[in-house]
Amino acid sequence: MNFLEMRKVALTCGAVIIASPMSAETGFYYGLSAGVSMYDTVALGNLGPADSTGLTFGGIVGYTFETNTEYSTAIEVSVDGAMADTLESTEGYGPACGDYSPHWCEIDTVVRLRSLVKRSVNEDWSIVGSLGGVMVNGLLENGPGTYVSGRGLGYSVGLGAEKQVAKGTMRIEAIYDVITTDNRPMYDRDLDILSLRASFIF
């Protein structure tokens, strides 16, 4: 399955879960997370594609609103730090910051603000769908020899599952982010991020 096919699956599954709104107590929660992310960027339509895969570590904080015995909703903020995620050309040109295409070069942090809908399957397990906004900070090429810090904005969709454990909740989820705009508008560039993340929530 290629990156485009994975994107379609993530979007479709996320839409199905969100369309039908776990039983949980109302209140604040927080947690720690770790995972792996795949980054894919192009510029000016389809110029100089580059990609990378790397580990992420971060934290989450949120607030749960109980609705009934089967469904609950939540508002959540998460911050993931990328570990050495320098993108490389998929066409053999080396590092993304190489004067051949004005796209994203490095990813530093990914911040998400999402709404979550949870549906309990049994006493221990729940299905989780999410939809919201995402902000990315990193390095991008803004012309030959010009490498600058950039901030990108877009949307995020996710699908996962939660299991109640002795001292909290374990969540496993797939998250797909699409960066549609950034603060360096001289060139048109795109960035897609597909992440698999595990979180322990207190």
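Report on the accompanying structure. Keep in mind that this is a model prediction, so the values were computed, not measured.

1. Comments concerning the environment of I201
Right, on to step 1. Tracing the backbone through its elements, the reader meets I201 in strand 9 (residues 189–201).
Right, on to step 2. A sequence separation of 33 residues divides I201 from G168, and the C-alpha atoms of the two residues are 5.6 Å apart.
Right, on to step 3. For I201, the residues in contact, after removing those within four places along its chain, are Y29, Y30, G31, I60, E162, G168, T169 and R171.

2. Considering the pairing of strand 6 (residues 125–141)
Right, on to step 1. Strand direction decides the pairing type here: strand 5 (residues 104–120) and strand 6, joined by 15 bridges, are antiparallel. Across the sheet, the residue bridging to R119 is I127, located in strand 6.
Right, on to step 2. When strand 6 meets strand 7 (residues 147–165), the two strands line up antiparallel, connected through 17 bridges. Within strand 7, the position partnered with L131 by the bridge is V157.
Right, on to step 3. The turn linking strand 6 back onto strand 7 is made up of five residues, and G143 within it adopts a positive phi angle of 130°.

Rules behind the numbers
Residues numbered from 1 in each chain as written. Predicted model: local features only at pLDDT ≥ 70, side-chain atom pairs only at ≥ 80, totals over all residues. Heavy atoms only, no water. Helix = DSSP H or I, 4+ residues; strand = E, 2+ residues; numbered from the N terminus. Contact = heavy atoms within 4.5 Å. Pairing = 2+ DSSP bridges.

Remember, this is a structural readout, not a statement about activity or role.
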